[in-house]
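Single-letter residue listing:
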Amino acid sequence: TCFPMPNGLSFSQGAGFHMGYTTGYHALVHRGKLQPGEWLLVTGAGGGMGLMAVELGKALGAKVIAAASSDDKLEACKKVGADYVVN
């Protein structure tokens, strides 16, 4: 299957976008049935998939708590929309 690549992304970014975000979307929406206003705790939120989960959770209307192992990672979580952070 072919998907249009979002504007402004390189080919490697476009491939990563599709794999990461569709996996996260499936986990949160299809498996987890996340609803707007619900709480979402993302462990390992400072890594690539974790940051995607934080972004997706916010886009889906959840209140997001991001847990990560360093202040730098927690700052990245705040930048993508985490409501609360825990080290």
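Above: the structure in question.
Throughout what follows, the structure given in this document is the object of discussion.

## A few points about the pairing of strand 2 (residues 63–67)
Two faces make up the sheet, and in a regular strand the side chains alternate between them.
Right, so step 1: One ladder, built from 5 bridges, connects strand 1 (residues 39–43) with strand 2; its direction is parallel. Residue pairing in the sheet places V42 in a bridge with A66 of strand 2.
Right, so step 2: For the crossover that starts at strand 1, traverses helix 2 (residues 48–59) and ends in the parallel strand 2, the hand is right-handed.
Right, so step 3: Tracing the backbone out of strand 2, into helix 3 (residues 71–79) and back to the parallel element strand 3 (residues 84–86) gives a crossover that is right-handed.

## Thoughts on the environment of G37
Right, so step 1: One can find G37 in the loop between helix 1 (11–31) and strand 1.
Right, so step 2: On the accessibility criterion, G37 (37% relative accessible area) is partly exposed.
Right, so step 3: For G37, the residues in contact, after removing those within four places along its chain, are G61, A62 and K63.

## A word on the environment of V80
Right, so step 1: When you line up the elements, V80 lands in the loop between helix 3 and strand 3.
Right, so step 2: Relative accessible area serves as the criterion here: at 25%, V80 is assigned to the partly exposed category.
Right, so step 3: With 28 residues separating them in the primary sequence, V80 and M52 have C-alpha atoms 8.5 Å apart.
Right, so step 4: V80 has contacts with L51, V54 and E55, leaving out every residue within four places of it along the chain.

Criteria and thresholds
Residues numbered from 1 in each chain as written. Predicted model: local features only at pLDDT ≥ 70, side-chain atom pairs only at ≥ 80, totals over all residues. Heavy atoms only, no water. Pairing = 2+ DSSP bridges. Helix = DSSP H or I, 4+ residues; strand = E, 2+ residues; numbered from the N terminus. Right-handed = clockwise from strand over helix to strand, strands pointing away. Buried < 20%, exposed > 50% of the residue type's maximum accessible area, 1.4 Å probe, protein only. Contact = heavy atoms within 4.5 Å.

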